[in-house]
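What follows is the residue order along each chain.
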Amino acid sequence: RTIKHEHHAQCLKLIQKAMADPEKKEQCAKIYETCGVYLGYALGQYCEFYDIDHVMVLGRVSKGDGGDIMLETAKKVLLEEFPEHAKIEFHTADDHFKGVGQCIAAAALPEIK
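Within each chain, residue numbers correspond to sequence positions counted from 1 in written order. In view of the model being predicted, local features appear only for residues whose pLDDT reaches at least 70, and side-chain atom pairs are presented and counted only at 80 or more, with totals across whole chains, interfaces and linings using the full set of residues. Hydrogens are left out, water is left out, and the side-chain values use all remaining heavy atoms of the structure.

Caption draft 1: Examining the overall build of the protein chain more closely. Helix and strand definitions follow DSSP, with helices as H or I runs of at least four residues and strands as E runs of at least two, each counted in order from the N terminus. Helices and strands together make up the secondary structure of the protein chain, namely four helices and two strands. Contacts were defined at the residue level, with two residues in contact if any of their heavy atoms lie within 4.5 Å. Restricting the contact set of the protein chain to residue pairs at least 6 apart, pairs at least 24 apart contribute 71%. Element-wise, carbon and sulfur atoms account for 57% of the exposed surface of the protein chain, whose accessible area totals about 8300 Å². Working definition of accessibility: Shrake-Rupley area with a 1.4 Å probe, residue cover restricted to the visible protein chains.

Caption draft 2: The arrangement of the pattern of salt bridges in detail. A carboxyl oxygen of Asp or Glu within 4 Å of a side-chain nitrogen of Lys or Arg is what we treat as a salt bridge. This structure, assessed with the given rule, holds three salt bridges. Ionic pairing is found between Lys 75 and Glu 72, a salt bridge with its closest N-O pair at 3.5 Å. Of this pair, Lys 75 and Glu 72 both sit in helix α3 (residues 64-81), three residues apart, which is roughly one turn of that helix. Residue class for Lys 75 comes out partly exposed when judged on its relative accessible area of 35%. Between buried and exposed lies partly exposed: a residue is buried under 20% and exposed over 50% of the maximum accessible area for its type, with that area taken using a 1.4 Å probe on protein chains only. On the accessibility criterion, Glu 72 (48% relative accessible area) is partly exposed.

Caption draft 3: A look at the packing of aromatic side chains. Pairing of aromatic rings covers Phe, Tyr and the six-membered ring of Trp, with a centre-to-centre limit of 6.5 Å; geometry is then stacked below 30 degrees between planes, edge-to-face above 60, and tilted otherwise. Under the criterion given, the structure shown has one aromatic pair. Taken together, a centroid distance of 5.7 Å and an interplanar angle of 80 degrees make the contact between Tyr 41 and Phe 82 edge-to-face. Highlighted residues: Tyr 41 in helix α2 (residues 22-46) and Phe 82 in the loop between α3 and β2 (89-91), separated in sequence by 41 residues.

Caption draft 4: Spatial organisation of the nonpolar core. Buried residues of nine kinds, namely Ala, Val, Leu, Ile, Met, Phe, Trp, Tyr and Cys, make up a nonpolar core once their side-chain atoms join them within 4.5 Å. The biggest cluster of nonpolar side chains holds 18 residues, and the ones touching the most others in it are Leu 43, Ile 52, Val 55, Val 57, Leu 78, Ile 88 and Phe 90. For this core, the elements supplying multiple residues, two or more each, are α1 (6-19), α2 and α3. No other element matches the five residues that α3 contributes to this core. Those residues in contact with Leu 78, other than ones at most four positions away along the chain, are Gly 40, Leu 43, Gly 44, Pro 83, His 85, Ala 86, Ile 88 and Phe 90.

Caption draft 5: The arrangement of a nonpolar patch on the surface in detail. Residues Tyr 46, Phe 49 and Tyr 50 make up a contiguous nonpolar surface patch of about 430 Å² in total accessible area. Relative to the elements of secondary structure, Tyr 46 occurs in helix α2. Residue Tyr 46 is classed as partly exposed on the basis of its relative accessible area, which comes to 46%. Here, patches come from residues exposed beyond 30% relative accessible area and free of salt bridges, joined within 9 Å for like charges and within 5 Å for nonpolar side chains (Val, Leu, Ile, Met, Phe, Trp, Tyr).

As structure tokens, then:
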């Protein structure tokens, strides 16, 4: 059975639209903060196995103010919970590339034989 992600993409669009509404921004920001916490802890755990110095963050979720909140939260988690890995540098692209970045990254993956 194939998982379809159109529904998730539409939800993300609604969240990003709500981030532009001053009355909804504070509540919506909590979603991005949660994503940042997950990202920070995941990177901290990945560092148990990999030497990570740089992370390129792509995809629509990283666009706009929400993406900034997510990355700042991830940095805070690394600093407070994994200070030995707080040196990790996050890299992003412009907002247009962020929206299509996952497709480009997937197309660049090597073929597994």
